[in-house]
Every structure is written in structure tokens, then in C-alpha cells.
Amino acid sequence: MNKNSIIQSLRRSWQHGDTVIRLIFINVGVFVALNILLLIDRVGNYRLHLSNLLEYLFLPSHIITALLRIWTFITYMFCHLEPMHIFFNMLGLYIFGRIIRDYIGDSKVLPLYILGGISGAIFFLIFISVFDNGAGALIGASAGIM
């Protein structure tokens, strides 16, 4: 299989795929982009200050900071750094997303994914503020998938 046929196959999958496939494409694309940037930052001496970028993509554990960075309620659910993390999240999205799509329809999958992710973010912030005072951040699509 040559490079052009792989690209054409991916393009066809994007164009004719459902919302679940497109969500997988977006998550994997962000994963690849973040990891390429991290690799460049680690191998080269470019000092890209990726920790600063990641702070603006991940959902911070402090409620005030999270409310000041309101976009992180969405961006965190598309960010993964570890291969096994994205693999199992995308496997779950593929399996359960297909089932949900068959029950509620393709047009409602994305809103459900986004609302699940936002709900997970809210529960994370409540849980962290009540039970833990440690610094950290929330990343990954788990809440949107569940």
C-alpha cells in the first residue's frame, strides 16, 4: 500500500464516516500533534515551553483557574499524551459510540460526547475541591465516552 492510497483511504473515511469516526480522527490527530511537539521539545533544544501550552489545553484542578480558562472544559477531552490512554479511550469510543449512535442517532453523538465531557469536568472540579487540594489537571476523553 503506498502513501497516496493511505491518505485517500483516510480522506474517504473522514468524508463518509459518522460522528464516532470523526471524533476518533480528531482525538488521534491531537494526540499525534502533541506528541510530535513534545518530541521536538525533548530532542531538540528549541525550548518551546510546551508546559505552558499544555496548561491552556488541560483542565486545571483549581476552580478559579478553570473558570478563567473556560475553553479547557472542551479542549481537555481531546488531549492524550500516553499511547495506551488514547488506545483504550478510542476503543471505548468506537465500541460504545456505535451502540449509542444506533440508539439515539448520529446527529446526537457529538452533543452527548461534549456534555459528558463537561459533566465529567464539573464532577472532577467538585471532587478535587472537596477531597483533595493538590495541583493537577484533567486530560482525556474518558468522561465524554462514559
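Heads up: these notes are all about the structure in this document. Keep in mind it's a predicted model, so treat the numbers as computed, not measured. (Residues numbered from 1 in each chain as written. Predicted model: local features only at pLDDT ≥ 70, side-chain atom pairs only at ≥ 80, totals over all residues. Heavy atoms only, no water.)

### Side note on a nonpolar patch on the surface
Residues Met84, Phe87, Phe88, Leu91, Tyr94, Ile95, Phe96, Ile99, Ile100, Tyr103, Ile104 and Leu112 make up a contiguous nonpolar surface patch of about 1200 Å² in total accessible area. The leading source of residues in the nonpolar patch is helix H6 (residues 83-104), at eleven residues. Using a relative accessible area of 51% as the deciding quantity, one classes methionine 84 as exposed. (Patch = residues over 30% accessible without salt bridge, like charges linked within 9 Å, V, L, I, M, F, W, Y side chains within 5 Å. Areas by Shrake-Rupley, 256 points an atom, 1.4 Å probe, with all protein chains shown as cover. Salt bridge = Lys/Arg side-chain N within 4 Å of Asp/Glu carboxyl O. Helix = DSSP H or I, 4+ residues; strand = E, 2+ residues; numbered from the N terminus. Buried < 20%, exposed > 50% of the residue type's maximum accessible area, 1.4 Å probe, protein only.)

### So, the packing of aromatic side chains
This model, assessed by the stated rule, comprises four aromatic pairs. With a centroid separation of 6.3 Å and an interplanar angle of 15°, the aromatic rings of tyrosine 56 and tryptophan 71 are classed as stacked. Within this pair, whereas tyrosine 56 is found in the loop between helix H3 (50-55) and strand E1 (59-60), its partner tryptophan 71 is found in the loop between helix H4 (63-68) and helix H5 (72-75), the two being separated by 15 residues in sequence. Accessibility expressed as a relative area gives 41% for tyrosine 56, which makes it partly exposed. According to the relative accessible area criterion, tryptophan 71 is partly exposed, its value standing at 39%. Ring plane angle 75° and centroid distance 5.1 Å describe the contact between phenylalanine 87 and phenylalanine 88, whose orientation is recorded as edge-to-face. On the basis of relative accessible area, phenylalanine 87 is assigned to the partly exposed category, the value being 46%. (Phe/Tyr/Trp six-rings, centres within 6.5 Å; stacked < 30°, edge-to-face > 60°.)

### Details of the environment of glycine 120
Relative to the helices and strands, glycine 120 resides in helix H7 (residues 109-131). A relative accessible area of 18% means that glycine 120 is categorised as buried. Setting aside chain neighbours within four positions, we find glycine 120 in contact with Tyr76, Leu138 and Ala143. (Contact = heavy atoms within 4.5 Å.)

### Considering the environment of isoleucine 145
Its place among the elements puts isoleucine 145 in helix H8 (residues 142-145). Not counting chain neighbours up to four residues away, the residues in contact with isoleucine 145 comprise Asn89, Gly92, Leu93 and Tyr113.

### Examining the side chain of threonine 72
Relative to the helices and strands, threonine 72 is located in helix H5. On the basis of relative accessibility, which here comes to 0%, the residue threonine 72 falls in the buried class. From its side chain, threonine 72 meets the backbone oxygen of arginine 69 in a polar contact 2.6 Å long. (Polar contact = N/O pair within 3.5 Å; in protein donor to acceptor, adjacent residues only side chain to side chain.)

### Structural notes on the packing of helix H2 (residues 19-43) against H7
How two helices pack is summed up by the angle between their axes together with the distance between the axes. Viewed as axis vectors pointing N to C, H2 and H7 meet at an angle of 45°, and their least axial separation amounts to 9 Å. Considering the angle they form, H2 stands oblique to H7. Two secondary-structure elements touch here, H2 through Thr19, Val20, Leu23 and Asn27 and H7 through Val109, Leu110 and Tyr113. Class assignment for the residues of the contact of H2 with H7 results in five nonpolar, two polar and no charged. (Axes fitted to C-alpha atoms, helices over the stretch in contact; angles between N-to-C directions. Parallel < 35°, antiparallel > 145°, perpendicular 65-115°, else oblique. Nonpolar A, V, L, I, M, F, W, Y, C, P; charged D, E, K, R; others polar.)

### Comments concerning H6
Between its terminal C-alpha atoms H6 stretches 30 Å, which fits the 32 Å expected from 22 residues at 1.5 Å a residue. Roughly 25° is the biggest bend found in H6, and it falls at glycine 97. Within the sequence span of H6, burial applies to Ile86, Asn89, Met90, Gly92, Leu93 and Gly97. In this fold, the buried residues of H6 make contact with H2, H7 and H8. Just past H6, the residue glycine 105 takes up positive phi, approximately 100°. (Expected span 1.5 Å × (residues − 1). Bend = angle between axes of the 7 residues up to and from the residue.)

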